[in-house]
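Report on the structure
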Amino acid sequence: MERGTNNVPVRSGRGLAGLMLGVAITPLMALSVVAQEATGEAPTLAEKVAAGELPPVSERVGSAPEVVQPLDSVGTYGGALRTGLRGSSDHNGILRVVGPQGLVRWDPQYTEVVPNLARSFEVSDEGRTFTFHLREGMKWSDGTPFTADDVMFNVADVILNNEFAPTPARYTAGGEPLKAEKIDDYTVKFSFTQPYGDFLAELAAPLGQNPVLYSKKYCSQFMPKYNDDIDALIEAENAADWQNLFLQKCGDLEIPARWGNPDRPTMDPWIVTEPYTGGATRVVMERNPYFWQIDTEGNQLPYIDELVMPIGADTESLILAIIGGRIDYGLRHIDAAANRPVLAENREAGDYRFFAAESPGGSNMIFDLNLTSKNPELRKVFNEKDFRVALSLGLDRQAIIDTVMLGEGEPWQQGPFEDHPNFHEQLSTQYLEHDPAKANELLDGLGLERGSDGVRRLPNGEPLTFKVDVIPTFDPTWVDALQLFEQQWAEIGVDMEINAMERTFFYQRTSESNDHDAAIWNATSSWVPGQLPHQIVPVSHDSRYGIPWKEWYESGGERGEEPPANVKKRLELYDQARGLADPEQRRAKILEIASIAAEEFEVFGLSKALPTYGIVKNGLRNVPEAMPRSWAYATPSPTLLQTWYWAD
């Protein structure tokens, strides 16, 4: 199987069913684009070329730039794109706009994986071997060549270097890590001992950029293997060790430091000039003069000069900025149903329009009891399925939807929607009815007797009370909904306390230290290749019902906690599913996992994930009217913001 070089951003709107069934959907308006030379560039760059400060554009983009046909029209250069960040840990807001510039990426419709930094690729040996042909002549943002040596550095010295960090599971198959081979300066081959049907999708996801994230010339200086004076550098930079130094200077996929060092070379369309550091009030990124894409008329991308990202304290500040006309694109954090009326009312004043953003399934609010709780009394009760069922039956979901979500929604547990090939009826629709009598019967059956205060007692006689960790700024409806959870569960004798916190602390408590009793997150998933089904099998830091089980899986049993047999069975099935190249066989494995998860009923949801929306300024062109909304898709980056431009 081989994919070619010319990939076209086109109008979104096609369904995801073709991808789920393994059928490649031909994009609307897709055109065949012949290779051509770069001839046009931004005026500011042309001035630097004339002054001898930059090489000609044809040399900067290399001999095989990707030729991209813009959605509606060839653009013009200039202007800034303003999009807001929220708080001190919104680094993924930057990633979604700049895009994960990996070897491959998703097409705009989220239907197939297409070449990116690789101009083409082949899959052979029944899905065990992946050969990537890089675009000749590409350069990092500092002008140094990007070659197979950079890929080999990223694999050998970072991904497979256990002194730096454990090898991420996405680079293993059958428990064995990938092997990388340099074929020539522009060709690399990755091999696995087992078939790995999900590998291309993993590389296309936001966390699949590892093989091309770091410039060898720049980042190798922060490793003892390449720098005999590393200790002096560690001391000079006030770092704890070389690993900490490396992260400070070169960042990682999902930490703020990725955007904190303007000197770090990248392959991104824009490069940091005002970094994302403590105390920053905004992040600014300017066009990368060495970016490797051109349009159909030979103009180097991006069209827009710079990204400006003011950092707001909360969602309300972002909404006010949009209404005041100070934000040009917004989706992340603002798209709650409660915000739509005020944003719709102020469209004319803010000079913006809406676009649609649709999830393929799941729930906007998932409730994870910590089945590996450090509190032995809570752990014992949480691991009783009847307790979890009782909590679900104790919720009047429709009342919560009507009150908190303005009536928009439908009671739902989790999983893809009914029209999706991976729909699993039992997992998605069981225990949705409001039945407090049955809930009380189940709790009585567990011996959880009520005290004089009406609160049930744990086996040790203490009140049955627990905290639910939540980030109030992530989704404003979560805390409002939890207040109703609290009231409704009090009626069945369960005392729940809302534990609101900032995002960084939330991750530390839940995903790292496992100190939580319960936690709220979303589960907007379709279980497609490359998208972790983390609420039916513990394979992600978002699997907060069993973080130690996730650590056990990722470390091959060296860390964490050995999970029960039913969880180990799902992990085994998940590994098998990842290896299958046949989409129907993969789908069958995923649904088998879902069936086990349905029987266990470890987590529960509130309502179907609603179609949401974003806003974009009226003068901004080449922006699709609709786009998929998914973390694995990294909305909106596959629509290629480097082709967006200002009409005026």
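The structure under discussion appears in the preceding block.
Read on for a plain summary of the structure. Along each chain, numbering runs from 1 in the same order as the chain's sequence is written. pLDDT decides what is reported in this predicted model: residues at 70 or higher carry local features, side-chain atom pairs at 80 or more are listed and counted, and totals for whole chains, interfaces and linings draw on all residues regardless. To obtain the side-chain values, all non-hydrogen atoms of the structure were included, while hydrogens and water were left out.

What to know about the packing of aromatic side chains
Working definition: an aromatic ring pair is given by the centre-to-centre distance plus the angle between the planes. Note on aromatic pairs: the rings of Phe, Tyr and Trp (six-membered ring only in Trp) are paired at centre separations within 6.5 Å, and the planes decide the class, stacked below 30 degrees, edge-to-face beyond 60, tilted for the rest. Enumeration according to the criterion identifies 43 aromatic pairs in this entry. When the ring of Phe485 is compared with that of Trp489, the centres are 5.3 Å apart and the planes differ by 65°; the resulting orientation is edge-to-face. Here the residue Phe485 and the residue Trp489 both occupy positions in helix H18 (residues 476–490), the gap between them amounting to four residues, near one helical turn. Side by side, Phe485 and Trp489 carry an identical accessibility label, which is buried. Taken together through their ring pairs, the aromatic side chains of Phe367, Phe382, Phe387, Tyr431, Phe466, Phe485, Trp489, Phe601 and Phe604 make up a single cluster. Here Lys608 stacks its cationic end above the ring of Trp412, 4.7 Å away from the centre of that ring. A cation sits over an aromatic face here: Lys608 above Phe417, 5.1 Å from the ring centre. Under the scheme used here, helices are H or I runs from DSSP no shorter than 4 residues and strands are E runs no shorter than 2 residues, and both carry numbers assigned from the N terminus. Think of it in three bands: with a 1.4 Å probe and only protein chains considered, a residue is buried below 20% of the maximum accessible area for its type, exposed above 50%, and partly exposed in between. Charge-over-ring contacts are defined here by two conditions on Lys NZ or Arg CZ: a distance within 6 Å of the ring centre and an angle within 35 degrees of the ring normal.

Some points on empty space enclosed by the protein
Think of a ball as big as a water molecule: rolled over the atoms, this probe shows where empty space is left. Think of a 1 Å grid over the protein atoms and nothing else: a 1.4 Å probe that fits but is trapped marks a cavity, an open set flanked by protein within 12 Å on at least five of seven lines marks a pocket, and residues with an atom within 4 Å of a point count as lining. Grid points are joined across faces, edges and corners, and a volume is the space filled by probe spheres set on the points. Within this structure, the stated rule accounts for six cavities of 30 Å³ or more. If you add up the space inside the largest cavity, you get close to 180 Å³. In this structure, the largest cavity is lined by 18 residues; those nearest its centre are Thr83, Gly84, Gly330, Leu331 and Arg332. Going through the elements one at a time, helix H4 (91–98), helix H10 (315–323) and strand S17 (329–330) are the ones with two or more residues in the lining of the largest cavity. The dominant element in the lining of the largest cavity, judged by the number of residues it contributes, is H4, at three residues. Classifying every residue of the lining of the largest cavity gives nine nonpolar, five polar and four charged. Volume-wise, the second largest cavity comes out at about 100 Å³. Lining the second largest cavity are 13 residues, with Gly99, Pro100, Arg105, Ser637 and Pro638 sitting closest to its centre. Amino acid classes used here: Ala, Val, Leu, Ile, Met, Phe, Trp, Tyr, Cys and Pro are nonpolar; Asp, Glu, Lys and Arg are charged; the rest, including Gly, are polar.

Some words on the environment of Val98
As for its placement among the helices and strands, Val98 is situated in helix H4. Each C-alpha atom, one on Val98 and one on Asp495, is 44 Å from the other, the two residues being 397 residues apart in sequence.

Here we look at the sheet that holds strand S18 (residues 352–358)
Pairing between two strands is assigned when DSSP locates at least 2 bridges connecting them. Strand order across the open sheet formed by four strands is S17-S24-S18-S26, with mixed pairing between neighbours. Each edge of the sheet is formed by a strand with only one pairing partner; in this case those strands are S17 and strand S26 (626–628). When S18 meets S26, the two strands line up parallel, connected through three bridges. Looking across to S26, one finds that Ala357 is bridged to Met627.

Section: the state of the cysteines
The rule for a disulfide is simple: a pair of cysteine sulfur atoms within 2.5 Å. Counting across every chain of the model gives one disulfide. In this model Cys219 forms its disulfide with Cys250; the gap between the sulfur atoms is 2.2 Å. On the sign convention where negative means left-handed, the S-S torsion of about -120° between Cys219 and Cys250 marks this disulfide as left-handed. With a gap of 31 residues between them, Cys219 in helix H7 (residues 216–219) and Cys250 in helix H9 (residues 242–250) connect regions that are remote in the sequence. Pair check on accessibility: Cys219 and Cys250 agree, each one buried.

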